[in-house]
Amino acid sequence: MRVCGWVIRRAQVGRVLIIEVSSSSSVKPCVLVFKPEREPDLYNVARNIDVGFALCFEGRVAEEQKSKRGVEYTVEKLEVYAKPTEPLPVDTSGKTPVLLDTRLKYRWLLARKPEERAIFRVRAGVIKAAREYFEENGFIEVHTPKIVAAGAEGGATLFKVQYFESEAYLSQSPQLYKQMLVASFEKVYEITPYFRAEKFNTTRHLNESWGIDVEQGFISGVEDVMKTLEELVAFIVNYVSRNYRDELEALGVESLRLTTPFKRLKFTEVVDILRSEGLDVREDEDLSDLAERKLGEIMAEKKHPVYFIVGFPWPSTAFYYMREENSIYTRKFDLDFMGLEIASGGQREHRYEKLVEAIRDKGLNPENYSFYLEAFKYGMPPHGGFGLGVERLLMKILNLENIREAVFFVRDRTRIVP
Ligand code: 4AD
Ligand code: MG
């Protein structure tokens, strides 16, 4: 067996030399044990190896396992590929804690450390699980443009880009394009970046984040879409609990099992619940972060870690959500995970005339959306979908305090490098 990786610790215990290697194969390090009388030639090579070296070894799992930190190996072959040209700027062994700012600067290096590595292994697992779910359930993966002419989620968070002679934007969401594709595919999904000029520095917002987006046609109502989302989230969370035990252990988090259906709360019910708790909530506005968190506490007590809020008021939503007849409420829902919104979605307005009316009602110009509106003229079925935030989901699964911990290279108000 050949394993490659980086040295994160080196220790001499009496005559025994121990080298810990962080490799791609597992979250726990490989613990290489060298004894001068057992492998004198290798011992002499290993003596000169230090933290930060990149190497490969061939060997076998040791019969006797004494290390609590990783799996012990006896080595038969050792090849050094690179050594640091200067001391490492951060401690990859985990002995010295690293401040968040430094962590974000050196994440690519710190990912040699089991706790950091675990986060990104689980992140990859979340994406893998999502793809598996979609492939098993008849969705086709699509890719839509990230340079766009019109926003979907409101002008305030659009990033402008110069596109030759004209002005364009970075995509906030694949919203308009995934809907257009329901004119030719029944069920589509995209795993995609979102670019949003969020003005505020919070622990739950990024300026570049990733979403798992779905759009499905031929639905009989918003419930069909909610069913897809709850099945997907339960599948991902349970997949992580089953397949990433070492990672969860390295991070000291308990694994969670979710069962469907998730609890559904009407927006109006949520308003009543929060008012009875003394919060000032309005019937025609989105919930504040504080209100979301309070609701999370109430739902956690009732053993509902994940729950839907359905029927958001029209003044709080984007233009494409379907409105209930003669009502201020829409078929928009959120999915919240212990007080944090992890997804938004709903049934869309698929009737051309009503959609044009809705765009006007939001103070937007239908002409700017003509490329999108055209897709509603030639047999657009009733449809709906959602966007599930990858970092937000990961935050909740791994109990991370700050959304920035869920990304390798953070884009926020003050970070554009590395
Ligand atoms: O709630 P949002 O804005 O909804 C949409 O983008 C719709 N087009 C979805 C739909 O299909 N109707 O974004 C979806 C999710 C949020 O719930 C959140 O988890 C995540 O994407 N998200 C962000 N995560 C981190 N930082 C940001 N700035 C985010 N913006 C959205
Ligand atoms: Mg939302």
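Right above here is the structure, for reference.
Residues numbered from 1 in each chain as written. Chains lettered and ligands numbered in written order. Predicted model: local features only at pLDDT ≥ 70, side-chain atom pairs only at ≥ 80, totals over all residues. Heavy atoms only, no water.

A.B. asks: Just checking my understanding: could you explain the environment of Glu 64 for this structure?
C.D. replies: Along the chain, Glu 64 falls in the loop between strand E4 (54-61) and strand E5 (71-82). The class for Glu 64 is exposed, based on a relative accessible area of 55%. (Helix = DSSP H or I, 4+ residues; strand = E, 2+ residues; numbered from the N terminus. Buried < 20%, exposed > 50% of the residue type's maximum accessible area, 1.4 Å probe, protein only.)

A.B. asks: Would you explain the site of ligand 1 in this entry?
C.D. replies: In the region of ligand 1, 25 residues are neighbours, and Glu 153, Gln 175, Lys 178, Arg 196 and Glu 341 sit closest. Within the backbone of Ile 342, a nitrogen or oxygen atom sits 2.9 Å from an oxygen atom of ligand 1. Interatomic distance of 3.4 Å between a backbone N/O atom of Ala 343 and an oxygen atom of ligand 1. Considering ligand 1 on its own, with 620 Å² of exposed area, one finds that the protein chains cover 95% of that surface. Contributing elements (two or more residues each) for the shell around ligand 1: helix H5 (175-181), strand E15 (340-347) and strand E16 (383-389). (Near = heavy atom within 4 Å. Polar contact = N/O pair within 3.5 Å; in protein donor to acceptor, adjacent residues only side chain to side chain. Areas by Shrake-Rupley, 256 points an atom, 1.4 Å probe, with all protein chains shown as cover.)

A.B. asks: I keep staring at the nonpolar core and nothing clicks. Help me out?
C.D. replies: With 55 residues, the main nonpolar core has Ile 212, Ile 236 and Leu 388 as its most contacted residues. In this structure, Val 182, Ala 318, Val 356 and Ala 375 belong to the second largest nonpolar core, which totals 19 residues. (Core = buried A, V, L, I, M, F, W, Y, C linked by side-chain atoms within 4.5 Å.)

A.B. asks: How do you make sense of the state of the cysteines when you look at a structure like this?
C.D. replies: By definition, a disulfide links the sulfur atoms of two cysteine residues through a covalent bond. This model, assessed by the stated rule, comprises 1 disulfide. A sulfur-sulfur distance of 2.1 Å marks the disulfide that ties Cys 4 to Cys 56. Residues Cys 4 and Cys 56 share a disulfide whose torsion about the S-S bond is about 105 degrees; that sign makes it right-handed. One end of the pair, Cys 4, is in strand E1 (residues 2-13); the other, Cys 56, is in strand E4, with 52 residues separating them in the sequence. Judged by its relative accessible area of 6%, Cys 56 falls in the buried class. Cysteine Cys 30 remains unbridged, with the sulfur of Cys 4 as its closest cysteine sulfur at 10 Å. (Disulfide = S-S within 2.5 Å.)

A.B. asks: Whenever I open this one, the pattern of salt bridges confuses me. Can you help?
C.D. replies: Oppositely charged side chains can form a pair if their charged atoms are brought close together. The final tally for this structure, using the stated rule, is 31 salt bridges. A salt bridge links Arg 131 to Glu 141; the shortest N-O distance between them is 2.9 Å. Of this pair, Arg 131 sits in helix H4 (residues 114-136) while Glu 141 sits in strand E6 (residues 140-141), placing them 10 residues apart in sequence. Since its relative accessible area comes to 31%, Arg 131 is described here as partly exposed. Among the residues examined, Glu 141 registers a relative accessible area of 27% and is labelled partly exposed. A salt bridge links Glu 297 to Lys 294; the nearest nitrogen and oxygen atoms lie 3.6 Å apart. Here Lys 294 and Glu 297 lie together in helix H9 (residues 289-301), a separation of 3 residues that amounts to about one turn. For Glu 297, a relative accessible area of 47% translates into the label partly exposed. What makes Lys 294 partly exposed here is its relative accessible area of 25%. (Salt bridge = Lys/Arg side-chain N within 4 Å of Asp/Glu carboxyl O.)

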